[in-house]
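# Working through the structure, step by step
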Amino acid sequence: MRLFKNMSWKPYLLSGSLFSIFLFSACGPAKPAAAPAAPAPQATAPALPATPAPSTTQPSAASVHGQRVQQLLKQVDAAFAEGNADYRQGKLPEAKVQFDHAVDLMLRSGLDIKGDPQLDDEFERIVDSVNALEMEALKQGNGFAPQEEPSPADVASEVTFKVDPNFVAKARAELATTKSDLPLVMNDYVASFINFFANTQKGHYTLLHSFQRAGRYKPMIQRVLAEEGVPQDLIYLAVAESGFQPRAVNRSSGAGGMWQFMPYGNYGLTRNGYVDERFDPEKSTRAYARYMKFLYDQLGDWYLAMAAYDHGAGNIQRAVQRTGYADFWELYKRHELPQETENYVPEILAAIIIANHPKQYGFDDMPLDPPVLTDTVTVDYSVDLRLVSDLVGTPVDELEALNPSLLRMVTPPDMSFDLHLPPGTASVFEQRIAQIPEDKRDSWRYHHVAEGDTLASVAHEYHASVAELAAANQLSATESLDGVEGLVVPVARTSAERTVLYVVRRGDTLVTIADRFGVSLTDLRRWNRIRGIHVAAGRRLRVAAPAPVHRRSTRHRRTSSTAHRSTNTARATHKTSASETHHTSTKTRKKTTRSRKSTAKE
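Worth saying up front: this structure is predicted, and the values here are computed from it rather than measured.

Along the backbone of the protein chain there are 23 helices and six strands. Out of the 602 residues in the protein chain, the part that is buried amounts to 57%. A sequence separation of at least 24 residues applies to 71% of the contacts in the protein chain between residues at least 6 apart. Here the protein chain has roughly 25,300 Å² of accessible surface; of this, 51% comes from carbon and sulfur atoms.

Written out as structure tokens, the structure is:
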């Protein structure tokens, strides 16, 4: 659920064709979220006082504040109640919108939530209630977020290696007309995977969906592979790694992105509290192509290079030295490789052969998703995606999908970032963003003036001051908006924005989350009252210290290098795991993936 959508610090994550929508936790320490047996009770805020008789005396500041608080609580309760009703009817998308709106009302109110006990209690109540509903939904599926689809490799564990000889003969005949820039072979192992993908329902539909998603990125991947001088058919390693889902995360290892890079290792990909370029389709593809070229230069064989991508170059080199065979199939027959790596190469070869002969294997009805097209603007300042949405007239969801490497709703403040926009909107963005001071682009908004709008109505909508709104747009406070196309809106930051929260995704552990946000594992556990390293998907975690308003800076606002220096505990955990898996042969995805990634420095 995309909760807190008006907070500049909110992280989001997307997964393939379905967007993973994150939640956030309450501002206080995390509380156990038991699934409620009945709808959460509504706040017992007192009703608004009756309208007083006209008076010549001005109301006190405290009285005005109290009225604003009561009005806000009434609106928040109404939104939450409507969302709860939708939830109970199974209308999860509609419930998500109303829950978003409830918290949105509070965060955009301009009131000091933490400084007002009544507002703070209401904020905690709403967030805890939604958390309980989310955990209840998680028991039935994936909460308010869409289900992430397994990759073809994830479902291929059901493959057996007894196939009809007639099927193998047919596959060999097809191989003779297969055009590939990789050397292809046909044997019982490859034929078994072809049979699984072609003739079983689970295998067929998983590979079909993977091929369809590939349409979004295929032109880009082909261009990058050509520029880096590696075979074009290496695109199909994404079938085994992620099924072309750029936000995929491996639950066991923490590997992430379309090419499943680990959260450590020097691959030329930036990772900090704002950005994780493992999830950037183009940048991660370039890192993948260069790494594959590095492995080929080390091993001299593309099959061994593919095996090394899964199991680690060092492990493959040692297997070659033990046996004297620099040949993948010999290593396979001698059981020198983990089972996962044994399956890894033939399932990729099967995908290549099927992709070259889709009709023969029942993939003739395979409309590809359209390619992702964007305008790209490089920014070196923080800009909130909600402001970008205002400026270019594009829903925030679409902007998130175009920028999957962003962990929050705001671009990083201390580095340049390639902001991807819908085609044809770059010039509009640059023209309108210039009207907003650079240091305000992570909080201010832009309003397209509609018929009937006045400065007062716009200020009320955004909880801004009429005088400040007029001044920001070089207008008088009583001036008409006739002929005005849009207004920049000076929205004040609230103290609530200082709390940074993150919703755990499938595949996350406390180690990977601590590393991502540049905090120590010890602090992350303490802030959230958690032991161990495992945490349930859907839980909202504090990823920065619960700081008072007067604190100098938040823990997440730092450069990539600083973030890495501050992760000693998490790094130590990573290095221990990587070292252990580097020297231990195993059949699990967790260890082979870590081992393979640790070889980048070899």
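So, on to the confidence of the model for the protein chain. In the predicted model, the protein chain carries a mean pLDDT of 76, and 73% of its residues have values of at least 70. Within the model, pLDDT remains below 50 along residues 1-52, and this stretch shows 194 contacts once partners closer than five positions in the same chain are excluded. Confidence drops under a pLDDT of 50 for residues 546-602, and excluding neighbours within four residues, the segment shows 133 contacts in the predicted structure.

Moving on, we come to the nonpolar core. The biggest cluster of nonpolar side chains holds 74 residues, and the ones touching the most others in it are Ile194, Leu237, Met292 and Tyr309. Of all hydrophobic cores here, the second largest spans 26 residues; its members include Tyr274, Val379, Leu385 and Val410.

Over its twelve residues, helix H6 (residues 188-199) extends 15 Å from the first C-alpha to the last, a length consistent with the 16 Å expected when each residue adds 1.5 Å. Those residues of H6 that fall on the buried side of the exposure criterion are Val190, Ala191, Ser192, Phe193, Ile194, Phe196, Phe197 and Ala198.

At a minimum axis distance of 8 Å, the contact between helix H9 (residues 281-299) and helix H10 (residues 302-311) shows a crossing angle of 120 degrees. Put simply, H9 runs oblique to H10. Considering only the axes of H9 and H10, their crossing is right-handed. Taking contact as the criterion, the partners of Tyr288, Tyr291, Met292, Leu295, Tyr296 and Leu299 in H9 are, on H10, Trp302, Leu304, Ala305, Met306, Ala308 and Tyr309. Of the residues contributing to the contact of H9 with H10, the split by class is twelve nonpolar, no polar and no charged.

The subject of this paragraph is the environment of Ala226. Looking at the element boundaries, Ala226 is found in helix H7 (residues 201-228). With a relative accessible area of 53%, Ala226 lands in the exposed category. For the pair Ala226 and Ala289, spaced 63 residues apart in sequence, the C-alpha to C-alpha distance is 9.3 Å.

A few words on unusual backbone geometry. With a phi close to 55 degrees, Gln474 is a non-glycine residue in the positive phi region. As for its placement among the helices and strands, Gln474 is situated in the loop between helix H18 (466-472) and strand S4 (486-489). For Gln474, a relative accessible area of 75% corresponds to the exposed category. Here the phi dihedral of Arg529 falls at roughly 55 degrees; this positive angle occurs in a residue that is not glycine. As for its position among the elements, Arg529 is in the loop between helix H20 (521-528) and strand S6 (540-542). Owing to a relative accessible area of 64%, Arg529 belongs among the exposed residues under this scheme.

What follows is about the environment of Trp527. Secondary-structure assignment places Trp527 in helix H20. Assessed through its relative accessible area of 6%, Trp527 is described here as buried. Separated by 16 residues in the primary sequence, Trp527 and Val543 have C-alpha atoms spaced 8.0 Å apart.

A few words now on the side chain of Thr411. For Thr411, the position within the fold is in the loop between helix H15 (396-402) and strand S2 (417-421). By relative accessible area, which is 0% here, Thr411 ends up buried. Within the structure, Thr411 has its side chain in polar contact with the backbone oxygen of Tyr381 (distance 2.8 Å). A polar atom in the side chain of Thr411 sits 2.9 Å from the backbone nitrogen of Val383.

This part is about helix H13 (residues 339-356). Taking 1.5 Å of rise per residue, 18 residues should cover 26 Å, and H13 covers 27 Å from first to last C-alpha, within 8% of that figure. Taken across its 18 residues, H13 has 15 buried, putting it largely inside the fold.

What follows is about the packing of aromatic side chains. Scanning the entire structure with this criterion turns up 19 aromatic pairs. With a centroid separation of 4.8 Å and an interplanar angle of 45 degrees, the aromatic rings of Phe261 and Tyr267 are classed as tilted. Of note, Arg247 hangs over the ring of Phe279, and the distance from its end group to the ring centre comes to 4.3 Å.

Burial along S4 is two-sided: Gly486 and Val488 and Leu487 and Val489, pointing in opposite directions, are all buried. Summarising the sheet, strand S3 (residues 445-448) and S4 pair through four bridges and their orientation is antiparallel. Opposite Tyr446, over in S4, you have Val488 as the bridge partner.

What follows covers the packing of H6 against H7. With their axes 5 Å apart at the nearest point, H6 and H7 run at an angle of 85 degrees to one another. The angle between the axes of H6 and H7 places the two elements in the roughly perpendicular class. Here H6 contributes Phe196, Phe197, Ala198 and Asn199 to the contact with H7, which in turn contributes Gln201, Gly203, His204 and Leu207. In terms of residue class, the contact of H6 with H7 is built from four nonpolar, four polar and no charged.

Let's shift gears to the pattern of salt bridges. This model, assessed by the stated rule, comprises 17 salt bridges. Between Lys283 and Asp418 there is a salt bridge whose closest N-O contact spans 3.8 Å. On the criterion of sequence distance, the pair formed by Lys283 in helix H9 and Asp418 in strand S2 is long-range, its members being 135 residues apart. By relative accessible area, which is 30% here, Lys283 ends up partly exposed. One network of salt bridges, with partners in common, ties together Arg223, Glu227, Glu228, Glu282, Arg286 and Arg290.

The rules behind each value
Residues numbered from 1 in each chain as written. Predicted model: local features only at pLDDT ≥ 70, side-chain atom pairs only at ≥ 80, totals over all residues. Heavy atoms only, no water. Helix = DSSP H or I, 4+ residues; strand = E, 2+ residues; numbered from the N terminus. Buried < 20%, exposed > 50% of the residue type's maximum accessible area, 1.4 Å probe, protein only. Contact = heavy atoms within 4.5 Å. Areas by Shrake-Rupley, 256 points an atom, 1.4 Å probe, with all protein chains shown as cover. pLDDT = per-residue confidence, 0-100. Core = buried A, V, L, I, M, F, W, Y, C linked by side-chain atoms within 4.5 Å. Expected span 1.5 Å × (residues − 1). Axes fitted to C-alpha atoms, helices over the stretch in contact; angles between N-to-C directions. Parallel < 35°, antiparallel > 145°, perpendicular 65-115°, else oblique. Left-handed = near helix turned anticlockwise from the far one by under 90°. Nonpolar A, V, L, I, M, F, W, Y, C, P; charged D, E, K, R; others polar. Polar contact = N/O pair within 3.5 Å; in protein donor to acceptor, adjacent residues only side chain to side chain. Phe/Tyr/Trp six-rings, centres within 6.5 Å; stacked < 30°, edge-to-face > 60°. Lys NZ or Arg CZ within 6 Å of the ring centre and 35° of its normal. Pairing = 2+ DSSP bridges. Salt bridge = Lys/Arg side-chain N within 4 Å of Asp/Glu carboxyl O.

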